[in-house]
Amino acid sequence: GAVVSQHPSRVICKSGTSVKIECRSLDFQATTMFWYRQFPKKSLMLMATSNEGSKATYEQGVEKDKFLINHASLTLSTLTVTSAHPEDSSFYICSARGRVRFTDTQYFGPGTRLTVL
Amino acid sequence: AQKITQTQPGMFVQEKEAVTLDCTYDTSDQSYGLFWYKQPSSGEMIFLIYQGSYDEQNATEGRYSLNFQKARKSANLVISASQLGDSAMYFCAMREVSGSARQLTFGSGTQLTVLP
């Protein structure tokens, strides 16, 4: 199956610092990448959608200045949590959408667990 | 209204038995896609199976099959011959054509526990 990598898998940082999370589609070109946030025992909440070479579209209630998304190429998107605070601690999952085996499907990265102290 | 409804927060099944995880959806689109993902405790979302709204046959992938009842707007996942490794959170999701980015909308999930 298609592979999406996400780095780092875990990060612990101090309050006020910025954290960058990378998402790569390894064996297909992702026309669109999505960033989700997931709280324990809850479903995935879509934060933003990004298309290569254009600005990300943020969901209502998501601060675009706090969660900076860059979609530099068809295989790479980054999420930067700026000036992180403890309430930003969460599980962040990226997803890449592409056509694999004739099916237009979203494949997910393994997630990044962010802990802000 | 919820677009994707999973009414079973938790399910238990005996190893080697079959289990059905329920999913109902709400859309006015004629063309849409339905997905099931598995999320083990590691957190990774694993794609299991896809059903297109125009597909006449129910999708199957190994031990997974999707019981698609379009008139009832249900897309239940059937796992046959359950294994201990099937214990995980399962999410049903839908992608509507009319959405601007055609992103997935997820249900609240069902925690499946396979008992030895």
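Residues numbered from 1 in each chain as written. Chains lettered and ligands numbered in written order. Predicted model: local features only at pLDDT ≥ 70, side-chain atom pairs only at ≥ 80, totals over all residues. Heavy atoms only, no water.

Draft legend 1. Inspection of unusual backbone geometry at higher detail. The omega torsion across His7(A) and Pro8(A) is 0°, close enough to zero to call that bond cis. Its location among the elements puts Pro8(A) in the loop between strand 1 (4-7) and strand 2 (10-13). Not every positive phi belongs to a glycine, and Ser83(A) is a case in point at roughly 45°. Within the secondary structure layout, Ser83(A) lies in the loop between strand 8 (76-81) and strand 9 (90-100). The class for Ser83(A) is partly exposed, based on a relative accessible area of 34%. A positive phi is found at Lys73(B), a non-glycine position, where the angle reads about 55°. Structurally, Lys73(B) can be placed in the loop between strand 8 (64-69) and strand 9 (74-79). (Helix = DSSP H or I, 4+ residues; strand = E, 2+ residues; numbered from the N terminus. Buried < 20%, exposed > 50% of the residue type's maximum accessible area, 1.4 Å probe, protein only.)

Draft legend 2. Region of interest: the interface of chain B and chain A. Listed per partner, the contact involves 19 residues of chain B and 21 residues of chain A. Between chain B and chain A, a total of about 1,500 Å² is buried, with carbon and sulfur atoms accounting for 55% of that surface. Seen at the junction of chain B and chain A, the total is zero salt bridges. If you look at where chain B meets chain A, you find four residue pairs in polar contact (both at pLDDT 80 or more). (Contact = heavy atoms within 4.5 Å. Buried area = accessible area lost by both parts, 1.4 Å probe. Salt bridge = Lys/Arg side-chain N within 4 Å of Asp/Glu carboxyl O. Polar contact = N/O pair within 3.5 Å; in protein donor to acceptor, adjacent residues only side chain to side chain.)

Draft legend 3. Representation of the environment of Lys64(A) within the structure. For Lys64(A), the position within the fold is in the loop between strand 6 (57-58) and strand 7 (67-73). Linking Lys64(A) and Ala48(A), residues 16 residues apart in sequence, is a C-alpha distance of 8.8 Å.

Draft legend 4. Examining the layout of surface pockets more closely. In this structure, the largest pocket encloses a volume near 370 Å³. In this structure, the largest pocket is lined by 18 residues; those nearest its centre are Gln38(A), Lys41(A), Gln39(B), Pro40(B) and Ser41(B). Secondary structure elements with two or more residues in the lining of the largest pocket: strand 9 of chain A together with strand 10 (88-96) of chain B. The dominant element in the lining of the largest pocket, judged by the number of residues it contributes, is strand 10 of chain B, at three residues. Of the residues that constitute the lining of the largest pocket, the class distribution is seven nonpolar, eight polar and three charged. The space that makes up the second largest pocket amounts to roughly 310 Å³. Lining the second largest pocket we find 16 residues, and of these Leu44(A), Met45(A), Leu46(A), Thr105(B) and Phe106(B) sit closest to its centre. The residue inventory of the lining of the second largest pocket, partitioned by class, reads six nonpolar, eight polar and two charged. (1 Å grid on protein atoms, 1.4 Å probe; cavity = no way out; pocket = protein on both sides within 12 Å on 5 of 7 lines; lining within 4 Å. Points joined across faces, edges and corners; volume = space filled by probe spheres on them. Nonpolar A, V, L, I, M, F, W, Y, C, P; charged D, E, K, R; others polar.)

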